[in-house]
Amino acid sequence: MEEPLLSIQNLRVQLQQNHSTAEVIRGVELEVNKGEIVGLVGESGSGKTMTALSVLQLLPPSLQISAGTIKFNGLDLLKLSRKELQGLRGGSVAMIFQDPLRHLNPVFTVGQQLEAVISAHSAEKLTKKQVREKAIELFNQVKINDPERRLRSYPHQFSGGMAQRVMIAMALSGSPKLLLADEPTAALDVTVQAEILRLLKNIARERGMAVLFISHNLGAVWQLCDRVCVMYAGQVVETAATHKLIEQPEHPYTQALLEALPRLELKRKELASIPGTMPGLADMPEGCAFHTRCAYALPECRLAIPELLEMGGGHLARCIRAGNLPQNTESAA
Amino acid sequence: MTITAESVKPGIPEAGKPLIEARDLVKRFRAGGSFGHGHDVIAVKNVSLAVYPGEAFGLVGESGSGKTTLGRLLLRLEEPTSGQILYDDKDITHLRGSELRQLRSAIQIVFQDPYQALNPWMTIRQAISEPLKLFRGLKGAELDRELANLLEMVGLPVSSQKRLPREFSGGQRQRICLARALALKPSLLVLDEPTSALDVSVQAQIINLLRELQRELNLTYVFISHDLAVVGQVCDRVGIMRYGELLEITTRDQFITNPANAYSRTLRDAVPEVGKLLPLMQAQEEA
Amino acid sequence: MKVLGYAGRRLIWMLPTLIGALIVIFFLTQALPGNAAMSRVGQFVNPETIAQVKHNMGLDKTVPEQFVIYVGHLFQGDFGHSWKTGNDVIIDLGDRLPATIELTLYTLIIAIPLGIVLGTLAAATKGSWFDRIIHTYVTFSLGIPVFWLSLMLVYIFFFLLGLVPSPTGRLDILDTPPPHITGFYTLDTLFAGDTEMFGRAVAHMILPVLALVFVTSGPIVRVTYSTMSNQLTSDHIRAATASGLSRWRIVGRYALKNAMIPIVTAVGLTARLLLGGAVLIEIVFSWPGIGRYAVESLLVADLAPLQAVVLITTILTLLINLVVDVSYFWFDPRIKVA
């Protein structure tokens, strides 16, 4: 069994706010193997974006990594020097973001921005012509037509989908082994979304590139990912191969999430909503974070935070009743 | 939830006749430039549709399709460049002043972003009682009763009224917006992406609530959304828009199984669904 | 090309603005208390003489008549005559305007980069001791009156330490100015090949420029700090950091270009204030600039110089505004000519 490409162990992140600290990431365990596409799913406040930002240490100043290790190819990322970290970013590990138009610099052309990144990551010094050629090649890879003209354009002249392709091109310029994709399709139209998902999948497969795909959209995760991790209230609560997670979720939250999902199907049903809301930092319950909303809660759930239980075949679930929940998702309690 | 006889609006137009109708609506915006240098954006191009009482009509499309503009036209938040809008057989296309204000008690809206739709300095009580006072002239004990009724209808505790919007989550704020819209006892509710800013589990709560309210208050919905799965769960008929044109109107079942229009099919196929493989798509023409 | 058209249109629109300004200037100065004729010849003169002087000065005509005559003269390049200095105003301006502009230019050349660099560094190292020092600097810059500062500087560096020459204006008392080419003594002395006098011209500028730089850099630092702080937390900067670009490039190029519009606006404001004539500085250092010229004329109701100075500063203000506005097109490609 090969070492995982990315290994996050017991990651804890704290938020500094008005002289008080609160834990927003409370012990995340996550692995991504070489060439694997892993989905990181959760609702807002679950900590999924922060987990991804922690990898490249892009957290805003009010958030600090307080514990844990993040290993990439054996390298402990939290111990890197500033220079080494800079080399890693956009190099072996690249990141794309949600709402691409906000993530491109509005006062420079797309070509200037792409070429800056290409030059930054090339091993030898390239001539202007070589850099330009590489930029055009990247644009072709992400299927942007008329690349020369597009390179001279400014971000505001692009649609959301095109801008995301530009970001992907920039991310690919350093030939990354791991791509962190933070909700790359959330701000896009559904037809454009489908194209971008397809593009990501093809590129990942062609290059043998691993992807950590952060999303709240389970449908997109199904289509793109080999494996899925579900996050709730700053922790991973379940991880499994995609089809296994969908067919046989072992954590009550995952189950409830799947049941709450409206489907484009003929049957109209009362959507099983989850009562209450995800706890905020201030009112985190004792023990299992989900038990206050859980249909299967027992008094024991309050005693301690459950460990991730091995269900077999790499399927883990953070619930003391995992493996013993009724699988008939029509009737919850 | 308490439904009193009063909470069902008297004088609902008879079924069979459209509640609201758009005839050949056009909305043109002038973009850019003073001194007549600007160019036109035609947001809504010759759209005709009819929504019948008691139904939930979905308006779907991608960005730039014109669905939001059309929704605003139906509400008369905008005046059309040409064409007609009829509400209960009355021509409301060019209403002004007090007549337009009266229309407001018949047609209401719930917006997409619950974080922006509520005045952060007004308590919930102030936000909801404003329309009650201004349009229905309620005060005192009567006002209190109706306020409590509305909050209960949307599933919020009566004690919420003293609190400010920032103390509530997105889903709860959306409920407040609903209560505010319902305060005027409208017959028609235009919902502009009401669940797009919400998480999946909260979205489910709001969808269930919307369906329940429609049943019990006999409301008519115009439900604008880009999320086809949500529209599929809430609506009876669906209008598909693209680049300002209404391409087709079809029943919800028809849309899910076999839409006639090629774009409708593309749209439906593109929705990422658990259990559905990635569609085989070539790079489409960019908008 | 479109930008040139825009600039051209703006220049044409300057004309009506100037005429409006002129009307206001003219009529306001007429409304000033004091009898111009009397200040010229004194009070203890009989009324006939005053009437005669008034007639000579053209003050017995109606105000609109005087205005028309005045504008007519302007088009011929005749700004009138200062009875106080005895020169045609245009001659006076030829000396005084370059004095003020020279001071302004050197101040700006130093204060602008200084302000931008300090503001940027403070924003980039937010929370550090450096950041705190810069904040203190800004507080003093905004708070210390330039008049007091100038006096202090003179006291310390001239009186106590003897490091700079006495504040006797642009050159030493016994110096005769170099032949007038640009009016800038630092340049004209070099053109005349007189390096010693060049040294003295520079030495006389040290303290006034220092004082001005100190008080004008504060607002520039502040604006830079605030916009750069915003920029550095923006999404596109985060994405640039994630793509592994160097911090220098991100801060100094990517963030800074986005921040330039508010900065340039603040710089324009500063330039306008400086060109208006930093009167207090001119008084402390005996600097023969247009600020003092205007005030001294005002005090004796010598109207022609006053009108001329206000006119000149109006023109300069409009030009600075135009330059600032046109620069917006360069900094932000999203801004298009209407």
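Keep in mind that what you see is a predicted model, and the values were worked out from it rather than measured.

Peer 1: Would you take a moment to explain the sheet that holds strand E9 (residues 237-242) of chain B for this structure?
Peer 2: The strands that make up a sheet are held in pairs by hydrogen bonds between backbone atoms, and each pair lies either parallel or antiparallel. All names here are of chain B. With respect to topology, six strands assemble into an open sheet ordered E6-E7-E8-E3-E9-E10, the strand pairing being mixed. Of all the strands in the sheet, the pair left with one neighbour each is strand E6 (107-110) and strand E10 (245-251). Ignoring strand direction, the axes of neighbouring strands in this sheet form an average angle of 20°. Of the pairings in the sheet, the one linking E6 to strand E7 (residues 188-192) comprises four bridges and is parallel in character. If you follow glutamine 108 over to E7, its bridge partner there is leucine 189.

Peer 1: What exactly am I supposed to notice about the nonpolar core here?
Peer 2: Within soluble globular proteins, side chains that are nonpolar tend to cluster in buried spots. Counting 245 residues, the largest nonpolar core has Phe213 of chain A together with Ile128 of chain B as the members making the most contacts within it. The element that contributes the greatest number of residues to this core is helix H11 (residues 247-275) of chain C, accounting for 14 residues. Residue assignment places this core across two domains, with domain 1 (2-75) and domain 2 (94-328) of chain C each supplying three or more. Counting 30 residues, the second-largest nonpolar core is a separate cluster that includes Leu19, Val44, Val47 and Met241 of chain B.

Peer 1: What's the story with the sheet that holds strand E2 (residues 39-51) of chain B in this structure? I'm lost.
Peer 2: Residue and element names in this part refer to chain B. The four strands are arranged E2-E1-E4-E5 in an open sheet whose pairing can be described as antiparallel. Unpaired on one side and paired on the other, E2 and strand E5 (90-91) mark the two borders of the sheet. Where strand E1 (residues 20-31) and strand E4 (residues 82-87) come together, five bridges link them in antiparallel fashion. Pairing of isoleucine 20 across the sheet is with tyrosine 87, part of E4. Relative to E1, helix H1 (residues 67-74) is tilted by about 120°, and along the sheet it contacts E1, E2 and E4.

Peer 1: Quick question: what am I supposed to make of the confidence of the model for chain C here?
Peer 2: Note that predicted coordinates carrying low pLDDT should not be read in detail. This prediction gives chain C a mean pLDDT of 87; 95% of its residues lie at or above 70. Between the elements of chain C, mean pLDDT differs from a low of 65, seen in helix H2 (residues 36-41) of chain C, to a high of 95, seen in helix H10 (residues 235-242) of chain C.

Peer 1: Would you mind going over the side chain of glutamate 36 of chain A with me for this structure?
Peer 2: Within the secondary structure layout, glutamate 36 of chain A lies in the loop between strand E2 (20-32) and strand E3 (37-41). Residues within four places of glutamate 36 of chain A in sequence aside, it is in contact with Glu31, Ala210, Val211, Asp226 and Arg227 of chain A.

Peer 1: Whenever I open this one, the packing of helix H5 (residues 89-124) of chain C against helix H13 (residues 290-299) of chain C confuses me. Can you help?
Peer 2: How two helices pack is summed up by the angle between their axes together with the distance between the axes. Residue and element names in this part refer to chain C. One can describe the packing of H5 onto H13 by two numbers: an axis separation of 8 Å at closest approach and a directional angle of 135°. Classed by the angle they form, the pair H5 and H13 counts as oblique. The segment H5 lies against H13, with Val89, Asp92, Leu93, Arg96, Leu97 and Thr100 engaging Ile290, Gly291, Tyr293 and Glu296. Along the lines of polarity and charge, the residues of the contact of H5 with H13 split into five nonpolar, two polar and three charged.

Peer 1: Help me understand the environment of proline 184 of chain A in this model?
Peer 2: Residue and element names in this part refer to chain A. Tracing the chain through its elements places proline 184 in the loop between strand E7 (178-182) and helix H7 (190-207). Overall, proline 184 belongs to the buried group, its relative accessible area being 0%. Separated by 88 residues in the primary sequence, proline 184 and isoleucine 96 place their C-alpha atoms 6.6 Å from one another. The contacts of proline 184, once residues within four sequence positions are left out, are Ile96, Phe97, Gln164, Leu200, Phe213 and Ile214.

Peer 1: What should I look at first to understand the pattern of salt bridges in this one?
Peer 2: Where charged atoms from two side chains of opposite charge approach closely, those side chains can pair. Residue and element names in this part refer to chain B. Applying the stated criterion across every chain yields a total of 32 salt bridges over all chains. A salt bridge links arginine 30 to aspartate 40; the nearest nitrogen and oxygen atoms lie 3.2 Å apart. Of this pair, arginine 30 sits in strand E1 while aspartate 40 sits in strand E2, placing them ten residues apart in sequence. Its relative accessible area of 56% is what places arginine 30 among the exposed residues.

Peer 1: How do you make sense of unusual backbone geometry when you look at a structure like this?
Peer 2: Only a minority of non-glycine residues have a phi that is not negative, and only a minority of peptide bonds are not trans. If you check the backbone angles, alanine 233 of chain A has positive phi at about 45° while not being a glycine. For alanine 233 of chain A, the location among the structural elements is in the loop between strand E9 (227-232) and strand E10 (235-241). Assessed through its relative accessible area of 3%, alanine 233 of chain A is described here as buried. Of note in the backbone geometry, glutamate 193 of chain B takes a positive phi value of approximately 50° without being a glycine. Turning to its location among the elements, glutamate 193 of chain B is positioned in the loop between E7 and helix H6 (200-217).

Peer 1: Looking at this structure, I do not really get the domain arrangement of chain C. What am I missing?
Peer 2: Many structure descriptions define interface size as the accessible area lost when the parts assemble. Residues and elements named next belong to chain C. According to the domain assignment, chain C contains domain 1 (2-75) and domain 2 (94-328). Just the C-alpha atoms count here: the centres of domain 1 and domain 2 sit 32 Å apart. Summed over both sides, the interface of domain 1 with domain 2 buries roughly 1500 Å², with 79% coming from carbon and sulfur. It is Arg10, Met14 and Ile25 that lose the most area in domain 1 upon contact with domain 2, and together they represent 29% of the buried surface on that side.

Peer 1: How do you make sense of the packing of aromatic side chains when you look at a structure like this?
Peer 2: Geometrically, a pair of aromatic rings is defined through the distance of the ring centres and the angle of the planes. Applying the stated criterion to the full structure yields nine aromatic pairs over all chains. Aromatic side chains phenylalanine 108 of chain A and tyrosine 254 of chain C sit 5.3 Å apart centroid to centroid with 35° between the ring planes, which places their arrangement in the tilted category. With phenylalanine 108 of chain A in the loop between strand E6 (93-96) and helix H3 (110-121) and tyrosine 254 of chain C in helix H11, this residue pair bridges two chains. Tyrosine 254 of chain C carries the same exposure label as phenylalanine 108 of chain A, and that label is buried.

Peer 1: How should the interface of chain B and chain A be read in this particular structure?
Peer 2: Facing the 42 residues of chain B at the interface are 42 residues of chain A. Roughly 3900 Å² is buried in total at the junction of chain B and chain A, and carbon and sulfur atoms are behind 58% of that figure. Connecting chain B to chain A are zero salt bridges. One can count twelve residue pairs in polar contact (both at pLDDT 80 or more) joining chain B with chain A. Mapped by element, the contributors of at least two residues to the side of chain B that touches chain A are H6, helix H7 (228-234), helix H8 (252-257) and helix H9 (262-270) of chain B. The leading source of residues in the side of chain B that touches chain A is H6 of chain B, at eight residues. Residues of the side of chain B that touches chain A, tallied by class, amount to 19 nonpolar, 13 polar and ten charged.

Rules used throughout
- Residue numbers run consecutively from 1 along every chain, following the written order of its sequence.
- Here chains are named by letter from A upward and ligands by number from 1 upward, in the order in which they appear as written.
- Given that the model is predicted, a residue must reach a pLDDT of at least 70 before its local features are reported, and side-chain atom pairs must reach 80 or more before they are shown or counted; all residues, however, enter totals for whole chains, interfaces and linings.
- The basis for every side-chain value is the complete set of heavy atoms in the structure, and neither hydrogens nor water enter the calculation.
- Strand pairing is assigned whenever DSSP detects at least two bridges linking the two strands.
- Think of it this way: any DSSP run of H or I at least four residues long counts as a helix, any run of E at least two long counts as a strand, and we number them from the N terminus.
- In this description, a line fitted to the C-alpha atoms serves as the axis of each element, helices being fitted only across the stretch in contact, and the angle between N-to-C directions of two axes falls anywhere from 0 to 180 degrees.
- Residues grouped as a nonpolar core are buried Ala, Val, Leu, Ile, Met, Phe, Trp, Tyr and Cys residues, joined through side-chain atoms within 4.5 Å.
- Note on exposure labels: buried denotes an accessible area under 20% of the residue type's maximum, exposed denotes more than 50%, and partly exposed covers the range between, all computed with a 1.4 Å probe on protein chains only.
- For the domains described, the bounds stem from an automatic or database domain assignment.
- For this analysis, residues touch if any pair of their heavy atoms sits within 4.5 Å.
- Confidence scores labelled pLDDT are given residue by residue by the predictor and lie between 0 and 100.
- By the definition adopted for this analysis, an angle is roughly parallel if under 35 degrees, roughly antiparallel if over 145, roughly perpendicular if from 65 to 115, and oblique otherwise.
- Basically, the charged four are Asp, Glu, Lys and Arg, the nonpolar ten are Ala, Val, Leu, Ile, Met, Phe, Trp, Tyr, Cys and Pro, and anything else, Gly included, counts as polar.
- Salt bridges are defined by distance alone: a side-chain nitrogen of Lys or Arg within 4 Å of a carboxyl oxygen of Asp or Glu.
- Buried area is understood as the total, over both parts, of accessible area removed when two parts are fitted together, assessed with a 1.4 Å probe.
- Two rings belonging to Phe, Tyr or Trp (six-membered ring only in the last case) form a pair when the distance between their centres is within 6.5 Å. Interplanar angles under 30 degrees mark stacking, angles over 60 mark edge-to-face geometry, and anything in between is tilted.
- Here a polar contact is taken to be a pair of N or O atoms separated by no more than 3.5 Å, where protein atoms must pair a possible hydrogen donor with a possible acceptor and residues adjacent in sequence count only if both atoms sit in side chains.

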